[in-house]
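Architecture and fold: a report
This is what each chain is made of:
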Number of protein chains: 2
Amino acid sequence: MSKKTGSRTIRLENNVCIRSSAGIAGSKEGKGPLGNYFDMIYEDDILGEKTWEKAESRLQANAVEIAVRNTGLDFPDIDGIFAGDLLNQCISSTFALRGLGIPFLGQYGACSTMAQAMLIAAVFIDSGAMERAAAVTSSHFCSAERQFRLPIEYGGQRNLTSQWTVTGAGAAVLEKNAGSVSIADVTIGSIIDMKIKDANNMGAAMAPAAADTISNYFNDTNTKPADYDLILTGDLGFIGSELLYELLQIKGYDISCQHNDCGKLIYDRDPQDVHSGGSGCGCCASVFCSYIMKKLRSGELKNILFAATGALMSPTSSQQGESIPSISHLLHITA
Amino acid sequence: MSKKTGSRTIRLENNVCIRSSAGIAGSKEGKGPLGNYFDMIYEDDILGEKTWEKAESRLQANAVEIAVRNTGLDFPDIDGIFAGDLLNQCISSTFALRGLGIPFLGQYGACSTMAQAMLIAAVFIDSGAMERAAAVTSSHFCSAERQFRLPIEYGGQRNLTSQWTVTGAGAAVLEKNAGSVSIADVTIGSIIDMKIKDANNMGAAMAPAAADTISNYFNDTNTKPADYDLILTGDLGFIGSELLYELLQIKGYDISCQHNDCGKLIYDRDPQDVHSGGSGCGCCASVFCSYIMKKLRSGELKNILFAATGALMSPTSSQQGESIPSISHLLHITA
């Protein structure tokens, strides 16, 4: 492990691999353009549970089960799990994972949680603190709507800048020298607050954090956008992605040829009526752990940046007139 | 860094020190038996802010400021901060720390957050991923009451098994070879759920997690209670502490001579009318970062275990009939 003074980027030196992963999707996501890539699709978003929150927990439990099963190992072989989600007190994670007996360290990075959890897991693996670690997160449209916005039954009109919370989960199992996909570097974000207050335009609130972390990464590693096959953000959606291009142009980087966003990839924008695209912890988690990982494994992608973003507000902070701080954590992944 | 296969305990090998720390307290805590030890006491629990949530953020900001200032360094010298709290979406932390420019990794371990944040920070320091890292958490009686229980104005009668959420915060700065107090080992907890459902008896819900982690630590390190000056739990309170003794007796360990609990230490039980003692992320954070750290620095304590506990439920999970999963993370600290 090494890190230059003043740099935000940590270089992993012991070939930390993503040994296995799984992406789970709800019905709307399953009908979208990535439907063929998910490891499991639920046709009914209640998943046979009694509440949306329990349904979300099940998504997360399934993702971990499939990712671990794909390694040929069992839960006791996992030294630790890093998990979190959007629900108050991260109950999707704690209730999903309580029966597994795996040492647990709860993470909160809002929609950046998948990148954050993999980043910390990667440092634990690289250092030898753990031999094998898992990272998992989830979101569910219905549990998020009722917690952050309005009761679904109310049928409120959605703002055109708003994004659709993905019903989905993603899990990854990390281990040294285990396969062809490696995490080479990680960049930890710091909190950026541009005083944006519109809770219906998360892309605008989060784009400055992505711009900050991505430009810091380029600076720390002395690389440029053209060095990568893909620069993938978490869930900036259509509006946030355009803002990201503008902000990075100001810093001297044009990423428009290499960039894509999980919130743009997961739905067919117009027929699926998602306005500015997908969002939620489960957005980049399900897309990265299925679609992107399959392309890395096949060799179609060889050298990518994955920068997930999170909006660090709550309904209470917005009601108290606060702006929306945001963050972005980045992983440099090679195949 | 080393870890035996099958063990939950990670041995830190590079003299990771707690270079500096600060404990901040509210008025009730300041009038308690540890009043002389806190680094700062607020006489008015609104702290000059407009809301309880903003007041809690200020506690956390103050703790970090004092802990960093005590090192003679400034915020840009800190490579990363690990922080979390009890409020929905951890807003005490994100709003407290958004202006500092320090790379941020949000943690959620409920009342175990101080131990969890120091544990992860210690692994990052030991591995060389960071040179200097901070850990911080907080709680506030009024923000917790209105989020988890009843509006304060309602004046509801408190259950005799209930605990009083501490208004306080604690922060620590970790660095290699920096002072006399070192983190020697860390043990990561796994989630324990004994199907307890009484949200007014958190000590009972959390005691099994503490018993699990502490007994795992003894087993992993082949040590016994008498090897330590102090075995300190986070906020089991009076009832939870008694249950912990019973549970550890069954596993063959008698810790009653070495044990104390931050929730028992922070208040005068009867005159301060706190029923089963203190609780909240800020309970063990403020007690550990002031009182305990001062005793470690003076040499009065030389070899301690610090096992904080957290209840991983939410009001929503309890309303849906769920039990209370809990967790405990442990640090072995030497002076």
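We now turn to the structure provided with this report. (Residues numbered from 1 in each chain as written. Chains lettered and ligands numbered in written order. Predicted model: local features only at pLDDT ≥ 70, side-chain atom pairs only at ≥ 80, totals over all residues. Heavy atoms only, no water.)

On to the environment of Ser-328 of chain B. Residue and element names in this part refer to chain B. Looking at the element boundaries, Ser-328 is found in strand 13 (residues 326-334). Ser-328 gets classed as buried once you look at its relative accessible area, which sits at 0%. C-alpha separation for the pair Ser-328 and Ile-188, spaced 140 residues apart in sequence, amounts to 7.5 Å. Setting aside residues no more than four positions away along its own chain, Ser-328 makes contact with Ile-188, Gly-189, Ala-209, Ala-210, Thr-213, Ala-307, Ala-308 and Thr-309. (Helix = DSSP H or I, 4+ residues; strand = E, 2+ residues; numbered from the N terminus. Buried < 20%, exposed > 50% of the residue type's maximum accessible area, 1.4 Å probe, protein only. Contact = heavy atoms within 4.5 Å.)

This part is about empty space enclosed by the protein. On inspection of all chains with the given rule, the structure shows one cavity of 30 Å³ or more. In this structure, the largest cavity spans a volume of roughly 30 Å³. In terms of lining residues, the largest cavity is bounded by Leu-86, Leu-87, Asn-88, Gln-89, Cys-90 and Tyr-108 of chain A together with Leu-87, Gln-89, Cys-90 and Tyr-108 of chain B. Partitioning the lining of the largest cavity into residue classes produces seven nonpolar, three polar and no charged. (1 Å grid on protein atoms, 1.4 Å probe; cavity = no way out; pocket = protein on both sides within 12 Å on 5 of 7 lines; lining within 4 Å. Points joined across faces, edges and corners; volume = space filled by probe spheres on them. Nonpolar A, V, L, I, M, F, W, Y, C, P; charged D, E, K, R; others polar.)

Time to look at the relation of the copies chain B and chain A. Expressed as a screw operation, the relation of chain B to chain A combines 0.0 Å of axial shift with a rotation of 180 degrees, fitting to an RMSD of 0.0 Å. The two molecules are tied by a two-fold rotation axis, judged by turn and shift. Residue by residue, 100% of the interface of chain B is reproduced at the interface of chain A, so both copies engage with the same surface. (Least-squares fit on C-alpha atoms with pLDDT ≥ 70 in both.)

Right, let's get into the interface of chain B and chain A. The partner chain A presents 56 residues to the 56 residues of chain B that form the contact. Summing the contributions of chain B and of chain A, the shared interface buries around 4600 Å²; its carbon and sulfur component is 62%. Contact with chain A buries area across many residues of chain B, yet Gln-89, Arg-98 and Ile-191 of chain B alone supply 16% of it, more than any other trio. Here chain B and chain A share eight salt bridges between them. Between Arg-98 of chain B and Asp-193 of chain A there is a salt bridge; the shortest N-O distance is 2.6 Å. The tally of links between chain B and chain A comes to 29 residue pairs in polar contact (both at pLDDT 80 or more). (Buried area = accessible area lost by both parts, 1.4 Å probe. Salt bridge = Lys/Arg side-chain N within 4 Å of Asp/Glu carboxyl O. Polar contact = N/O pair within 3.5 Å; in protein donor to acceptor, adjacent residues only side chain to side chain.)

Turning our attention to the nonpolar core. Membership of the largest hydrophobic core comes to 116 residues, with the highest contact counts inside it found for Phe-124 and Phe-288 of chain A together with Phe-124 and Phe-288 of chain B. Each residue touching Phe-124 of chain A, except ones within four places of it in the same chain, is listed here: Phe-82, Leu-105, Ala-129 and Met-130 of chain A together with Ile-10, Leu-119, Ile-120, Val-123, Phe-124 and Ile-188 of chain B. Residues Ile-102 and Phe-104 of chain A together with Leu-59 and Val-68 of chain B belong to the second largest nonpolar core, which totals 71 residues. (Core = buried A, V, L, I, M, F, W, Y, C linked by side-chain atoms within 4.5 Å.)

Okay, unusual backbone geometry next. Residue and element names in this part refer to chain B. Positive phi outside glycine occurs at Gln-89, with the angle close to 60 degrees. With respect to the element layout, Gln-89 can be found in the loop between strand 3 (80-85) and helix 3 (91-97). On the accessibility criterion, Gln-89 (3% relative accessible area) is buried. Despite not being glycine, Asn-177 has its phi angle at roughly 50 degrees, a positive value.

Taken as a whole, this structure holds 34 salt bridges over all chains when the rule is applied. A salt bridge links Lys-3 of chain A to Asp-79 of chain B; the nearest nitrogen and oxygen atoms lie 3.3 Å apart. Of the two residues, Lys-3 of chain A sits in the segment before strand 1 (9-25) while Asp-79 of chain B sits in the loop between helix 2 (52-69) and strand 3, which places them in two different chains. Residue class for Asp-79 of chain B comes out buried when judged on its relative accessible area of 14%. Across the pair Asp-193 of chain A and Lys-195 of chain A runs a salt bridge, and its minimum N-O distance is 3.9 Å. Under the relative-accessibility criterion, Asp-193 of chain A is labelled buried at 17%. It is possible to trace a salt-bridge network through shared partners that takes in Lys-54 and Arg-98 of chain A together with Asp-193, Lys-195 and Glu-322 of chain B.

So, on to the environment of Tyr-267 of chain A. Residue and element names in this part refer to chain A. The residue Tyr-267 is located in the loop between helix 8 (262-265) and strand 11 (278-279) in this model. Taking C-alpha positions, Tyr-267 is 32 Å from Thr-9, a pair spaced 258 residues apart along the chain. What Tyr-267 contacts, discounting residues up to four positions off in sequence, is Lys-28, Glu-29, Pro-33, Trp-164, Thr-165, Val-166, Thr-167, Gln-272, Val-274, Gly-277 and Gly-278. Only 2.4 Å separates the side chain of Tyr-267 from the side chain of Glu-29, close enough to count as a polar contact.

Time to look at the packing of helix 6 (residues 202-221) of chain B against helix 7 (residues 237-250) of chain B. Helix-helix packing: each pair is described by the crossing angle between the helix axes and the interaxial distance. Residues and elements named next belong to chain B. Relative to each other, helix 6 and helix 7 sit at 40 degrees, their axes nearing to 8 Å. One finds that helix 6 runs oblique with respect to helix 7. In this structure, the crossing between helix 6 and helix 7 has a hand that is right-handed. Between helix 6, through Gly-203, Ala-204, Ala-207, Pro-208, Ala-210, Ala-211, Ile-214 and Ser-215, and helix 7, the contact on the second element is made entirely by Gly-240, Leu-243, Leu-244, Leu-247 and Leu-248. A class-by-class count of the residues in the contact of helix 6 with helix 7 yields 10 nonpolar, three polar and no charged. (Axes fitted to C-alpha atoms, helices over the stretch in contact; angles between N-to-C directions. Parallel < 35°, antiparallel > 145°, perpendicular 65-115°, else oblique. Left-handed = near helix turned anticlockwise from the far one by under 90°.)

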